[in-house]
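Structural overview
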Amino acid sequence: MIILLSILIGGCSAGNLSDLNQVKPSSPSKIEDHKNHKDKKGTMNFLLIGNDSRGEPQSFSDAIIIAQYVPKEGNIKLISLMRDSYVKIPGYSKGYDKLNKAYFIGGNELLKKTIYQNFGMEVDHSISIDFEGFANFIDLIAPEGITVNVSQRMIDDFKMNAKPGENALKGRELLKYVRFRHDAESDFGRVKRQQEVIVKVKEQLKNNLVIWSR
(Lines give C-alpha, C1' and ligand atoms only; values in the text may rest on other atoms or scores of the structure.)
Protein backbone atom coordinates (compact mmCIF):
# COMPACT_ATOMS: atom_id res chain seq x y z
CA MET A 1 0.00 0.00 0.00
CA ILE A 2 2.81 2.44 0.92
CA ILE A 3 4.55 1.78 -2.41
CA LEU A 4 1.38 2.44 -4.36
CA LEU A 5 0.40 5.58 -2.44
CA SER A 6 3.86 7.08 -2.83
CA ILE A 7 3.76 6.47 -6.58
CA LEU A 8 0.24 7.89 -6.84
CA ILE A 9 1.57 11.23 -5.67
CA GLY A 10 3.43 11.47 -8.98
CA GLY A 11 0.55 11.74 -11.41
CA CYS A 12 -2.22 9.87 -13.20
CA SER A 13 -3.67 9.73 -16.67
CA ALA A 14 -6.65 7.62 -17.66
CA GLY A 15 -7.26 5.03 -20.32
CA ASN A 16 -9.77 2.29 -21.00
CA LEU A 17 -9.52 -1.31 -22.15
CA SER A 18 -12.79 -2.48 -23.68
CA ASP A 19 -13.81 -6.11 -23.63
CA LEU A 20 -15.25 -5.67 -27.13
CA ASN A 21 -11.99 -4.45 -28.67
CA GLN A 22 -9.27 -6.09 -26.63
CA VAL A 23 -10.31 -9.49 -25.31
CA LYS A 24 -9.67 -12.31 -27.73
CA PRO A 25 -10.49 -15.44 -25.76
CA SER A 26 -7.58 -18.07 -26.47
CA SER A 27 -12.81 -10.15 3.12
CA PRO A 28 -11.38 -7.32 4.53
CA SER A 29 -8.87 -5.33 2.48
CA LYS A 30 -5.72 -7.24 1.68
CA ILE A 31 -2.47 -6.72 -0.19
CA GLU A 32 -0.59 -9.38 -2.11
CA ASP A 33 2.75 -8.97 -3.89
CA HIS A 34 3.83 -10.99 -6.89
CA LYS A 35 7.31 -11.30 -8.36
CA ASN A 36 8.26 -8.10 -10.11
CA HIS A 37 7.95 -7.91 -13.89
CA LYS A 38 9.83 -4.68 -14.46
CA ASP A 39 10.82 -4.16 -18.05
CA LYS A 40 14.07 -2.45 -19.03
CA LYS A 41 12.42 0.95 -18.51
CA GLY A 42 11.33 0.05 -14.98
CA THR A 43 7.62 0.03 -15.81
CA MET A 44 5.50 -1.60 -13.11
CA ASN A 45 1.84 -2.66 -13.11
CA PHE A 46 -0.30 -2.37 -9.99
CA LEU A 47 -3.65 -4.17 -9.89
CA LEU A 48 -6.32 -2.24 -7.97
CA ILE A 49 -9.32 -4.38 -7.04
CA GLY A 50 -12.54 -3.11 -5.52
CA ASN A 51 -14.50 -6.14 -4.33
CA ASP A 52 -18.15 -6.35 -3.34
CA SER A 53 -17.54 -8.19 -0.07
CA ARG A 54 -19.82 -7.51 2.85
CA GLY A 55 -18.06 -10.04 5.05
CA GLU A 56 -18.60 -13.16 2.92
CA PRO A 57 -15.70 -15.62 2.43
CA GLN A 58 -15.89 -15.10 -1.35
CA SER A 59 -16.70 -11.99 -3.35
CA PHE A 60 -16.65 -10.64 -6.90
CA SER A 61 -14.36 -7.90 -8.16
CA ASP A 62 -16.59 -4.86 -8.68
CA ALA A 63 -13.75 -2.70 -10.05
CA ILE A 64 -10.59 -3.90 -11.82
CA ILE A 65 -8.00 -1.24 -12.65
CA ILE A 66 -4.37 -1.49 -13.75
CA ALA A 67 -2.24 1.43 -12.59
CA GLN A 68 0.84 1.35 -14.82
CA TYR A 69 3.79 3.31 -13.44
CA VAL A 70 6.41 4.56 -15.90
CA PRO A 71 9.32 6.09 -13.91
CA LYS A 72 10.89 7.97 -16.84
CA GLU A 73 7.56 9.68 -17.57
CA GLY A 74 6.91 10.25 -13.86
CA ASN A 75 3.23 9.36 -14.03
CA ILE A 76 0.67 6.59 -13.78
CA LYS A 77 -1.62 5.43 -16.56
CA LEU A 78 -4.96 3.99 -15.42
CA ILE A 79 -6.47 1.18 -17.46
CA SER A 80 -9.89 -0.17 -16.49
CA LEU A 81 -10.74 -3.77 -17.31
CA MET A 82 -14.45 -4.41 -17.75
CA ARG A 83 -15.59 -6.87 -15.09
CA ASP A 84 -18.01 -8.56 -17.53
CA SER A 85 -15.29 -9.27 -20.10
CA TYR A 86 -15.69 -12.86 -21.31
CA VAL A 87 -12.27 -14.45 -20.79
CA LYS A 88 -10.46 -17.75 -20.45
CA ILE A 89 -9.75 -18.47 -16.77
CA PRO A 90 -6.67 -20.66 -16.12
CA GLY A 91 -7.57 -23.97 -14.49
CA TYR A 92 -11.31 -23.24 -14.55
CA SER A 93 -13.34 -26.37 -15.41
CA LYS A 94 -15.74 -24.46 -17.66
CA GLY A 95 -12.90 -22.67 -19.44
CA TYR A 96 -14.50 -19.26 -20.00
CA ASP A 97 -16.48 -16.87 -17.83
CA LYS A 98 -16.67 -13.21 -16.82
CA LEU A 99 -13.42 -11.64 -15.65
CA ASN A 100 -14.75 -10.99 -12.15
CA LYS A 101 -15.44 -14.72 -11.74
CA ALA A 102 -11.67 -15.29 -11.64
CA TYR A 103 -11.45 -13.20 -8.47
CA PHE A 104 -14.44 -15.04 -6.97
CA ILE A 105 -12.78 -18.41 -7.59
CA GLY A 106 -9.16 -17.67 -6.76
CA GLY A 107 -8.74 -14.15 -5.39
CA ASN A 108 -5.92 -11.81 -6.41
CA GLU A 109 -3.62 -14.53 -7.74
CA LEU A 110 -6.06 -16.11 -10.18
CA LEU A 111 -7.25 -12.69 -11.34
CA LYS A 112 -3.63 -11.70 -12.08
CA LYS A 113 -3.06 -14.91 -14.05
CA THR A 114 -6.30 -14.40 -15.97
CA ILE A 115 -5.36 -10.83 -16.86
CA TYR A 116 -1.96 -11.96 -18.12
CA GLN A 117 -3.38 -14.82 -20.21
CA ASN A 118 -6.07 -12.68 -21.86
CA PHE A 119 -4.53 -9.20 -21.99
CA GLY A 120 -0.79 -9.94 -21.90
CA MET A 121 -0.32 -7.64 -18.89
CA GLU A 122 1.79 -8.92 -15.99
CA VAL A 123 1.03 -7.56 -12.53
CA ASP A 124 3.80 -6.68 -10.06
CA HIS A 125 1.70 -5.80 -7.03
CA SER A 126 -1.99 -5.99 -6.18
CA ILE A 127 -4.29 -4.48 -3.61
CA SER A 128 -7.86 -5.49 -2.86
CA ILE A 129 -10.29 -3.36 -0.88
CA ASP A 130 -13.92 -4.02 0.06
CA PHE A 131 -16.84 -1.59 0.32
CA GLU A 132 -16.25 -0.80 3.99
CA GLY A 133 -12.52 -0.37 3.45
CA PHE A 134 -13.10 2.06 0.58
CA ALA A 135 -15.52 4.19 2.61
CA ASN A 136 -13.18 4.28 5.62
CA PHE A 137 -10.18 5.16 3.45
CA ILE A 138 -12.00 8.10 1.84
CA ASP A 139 -13.14 9.41 5.22
CA LEU A 140 -9.58 9.14 6.51
CA ILE A 141 -7.86 11.08 3.73
CA ALA A 142 -10.74 13.44 2.87
CA PRO A 143 -12.90 13.99 5.97
CA GLU A 144 -14.72 16.83 4.18
CA GLY A 145 -15.44 14.61 1.18
CA ILE A 146 -14.36 14.53 -2.46
CA THR A 147 -16.18 16.79 -4.92
CA VAL A 148 -17.88 15.11 -7.89
CA ASN A 149 -20.83 15.85 -10.17
CA VAL A 150 -23.93 13.88 -9.16
CA SER A 151 -26.94 13.30 -11.41
CA GLN A 152 -30.55 13.04 -10.31
CA ARG A 153 -30.60 9.48 -11.65
CA MET A 154 -27.79 8.52 -9.27
CA ILE A 155 -29.59 10.13 -6.34
CA ASP A 156 -32.81 8.29 -7.12
CA ASP A 157 -31.09 4.96 -7.82
CA PHE A 158 -29.01 4.85 -4.63
CA LYS A 159 -31.10 7.16 -2.43
CA MET A 160 -28.01 9.33 -2.06
CA ASN A 161 -27.71 12.11 0.47
CA ALA A 162 -26.89 14.68 -2.22
CA LYS A 163 -28.37 17.16 -4.67
CA PRO A 164 -27.95 17.28 -8.47
CA GLY A 165 -24.67 18.94 -9.45
CA GLU A 166 -21.39 19.22 -7.57
CA ASN A 167 -21.27 17.63 -4.13
CA ALA A 168 -18.49 16.88 -1.67
CA LEU A 169 -19.24 13.21 -1.01
CA LYS A 170 -17.92 11.32 2.00
CA GLY A 171 -17.00 7.65 2.02
CA ARG A 172 -20.32 5.83 1.83
CA GLU A 173 -21.89 8.29 -0.61
CA LEU A 174 -18.78 8.31 -2.81
CA LEU A 175 -18.95 4.52 -2.90
CA LYS A 176 -22.44 4.81 -4.41
CA TYR A 177 -21.08 7.29 -6.98
CA VAL A 178 -18.34 4.93 -8.22
CA ARG A 179 -20.74 1.96 -8.31
CA PHE A 180 -23.53 3.62 -10.28
CA ARG A 181 -24.12 2.24 -13.79
CA HIS A 182 -27.82 2.66 -14.54
CA ASP A 183 -27.57 5.25 -17.28
CA ALA A 184 -26.80 5.27 -21.00
CA GLU A 185 -23.06 4.69 -20.40
CA SER A 186 -23.61 1.65 -18.15
CA ASP A 187 -20.29 0.06 -17.08
CA PHE A 188 -18.31 2.45 -19.29
CA GLY A 189 -19.59 5.39 -17.28
CA ARG A 190 -18.80 3.57 -14.08
CA VAL A 191 -15.14 2.96 -14.98
CA LYS A 192 -14.81 6.66 -15.90
CA ARG A 193 -16.04 7.60 -12.43
CA GLN A 194 -13.72 5.07 -10.80
CA GLN A 195 -10.74 6.56 -12.63
CA GLU A 196 -11.91 10.08 -11.83
CA VAL A 197 -12.01 9.28 -8.11
CA ILE A 198 -8.56 7.66 -8.16
CA VAL A 199 -7.10 10.82 -9.69
CA LYS A 200 -8.86 12.97 -7.08
CA VAL A 201 -7.66 10.70 -4.28
CA LYS A 202 -4.13 11.21 -5.61
CA GLU A 203 -4.60 14.98 -5.43
CA GLN A 204 -5.98 14.73 -1.91
CA LEU A 205 -3.02 12.64 -0.78
CA LYS A 206 -0.65 15.14 -2.36
CA ASN A 207 -2.36 18.03 -0.54
CA ASN A 208 -2.28 16.12 2.74
CA LEU A 209 1.46 15.51 2.43
CA VAL A 210 2.05 19.23 1.96
CA ILE A 211 0.03 20.00 5.10
CA TRP A 212 1.64 17.24 7.15
CA SER A 213 5.15 18.35 6.16
CA ARG A 214 4.67 21.88 7.50
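Residues numbered from 1 in each chain as written. Predicted model: local features only at pLDDT ≥ 70, side-chain atom pairs only at ≥ 80, totals over all residues. Heavy atoms only, no water.

**Topic: the packing of helix 4 (residues 131-141) against helix 6 (residues 171-179)**
Close contact between helix 4 and helix 6 brings their axes to 8 Å; oriented N to C, the two are set at 120°. In terms of orientation, helix 4 and helix 6 fall into the oblique class. Relative to helix 6, the crossing made by helix 4 is right-handed. Seen from helix 4, the contacting residues are Phe131, Glu132, Phe134, Ala135, Ile138 and Asp139; seen from helix 6, they are Gly171, Arg172, Leu174, Leu175, Val178 and Arg179. For the contact of helix 4 with helix 6, the residue count by class is seven nonpolar, one polar and four charged. (Axes fitted to C-alpha atoms, helices over the stretch in contact; angles between N-to-C directions. Helix = DSSP H or I, 4+ residues; strand = E, 2+ residues; numbered from the N terminus. Parallel < 35°, antiparallel > 145°, perpendicular 65-115°, else oblique. Left-handed = near helix turned anticlockwise from the far one by under 90°. Contact = heavy atoms within 4.5 Å. Nonpolar A, V, L, I, M, F, W, Y, C, P; charged D, E, K, R; others polar.)

**Structural notes on helix 3 (residues 99-119)**
Compared with the 30 Å implied by 1.5 Å per residue over 21 residues, the 11 Å span of helix 3 between its first and last C-alpha is markedly short. Of all the bends in helix 3, the greatest, near 135°, is centred on glycine 106. Where helix 3 ends, the next residue or the one after it, glycine 120, has phi of about 70°, a positive value. (Expected span 1.5 Å × (residues − 1). Bend = angle between axes of the 7 residues up to and from the residue.)

**Considerations on the pairing of strand 5 (residues 75-81)**
Within strand 5, six of the seven residues are buried, which leaves it mostly tucked inside the rest of the structure. In textbook terms, the turn of a hairpin is the stretch between consecutive antiparallel strands, and for strand 4 (residues 61-70) and strand 5 this stretch comprises four residues, one of which, glycine 74, has a positive phi near 70°. (Buried < 20%, exposed > 50% of the residue type's maximum accessible area, 1.4 Å probe, protein only. Pairing = 2+ DSSP bridges.)

**Focus: the confidence of the model for the chain**
Of the residues in the chain, 78% reach a pLDDT of 70 or more, and the chain-wide mean stands at 81. In the model, residues 16-36 has pLDDT below 50 throughout and makes 63 contacts with residues more than four positions away in sequence or in other chains. (pLDDT = per-residue confidence, 0-100.)

**Quick look at the pattern of salt bridges**
One pass over the structure, following the stated rule, counts 13 salt bridges. The closest approach of N and O atoms between aspartate 84 and lysine 98, which form a salt bridge, is 3.8 Å. With aspartate 84 in the loop between strand 5 and strand 6 (86-88) and lysine 98 in strand 7 (residues 96-98), this residue pair connects regions lying 14 residues apart in the sequence. Note on aspartate 84: relative accessible area 28%, which makes it partly exposed. Connected through salt bridges with shared partners, the residues Asp62, Arg83, Arg179, Arg181, Asp187 and Arg190 form a single ionic network. (Salt bridge = Lys/Arg side-chain N within 4 Å of Asp/Glu carboxyl O.)

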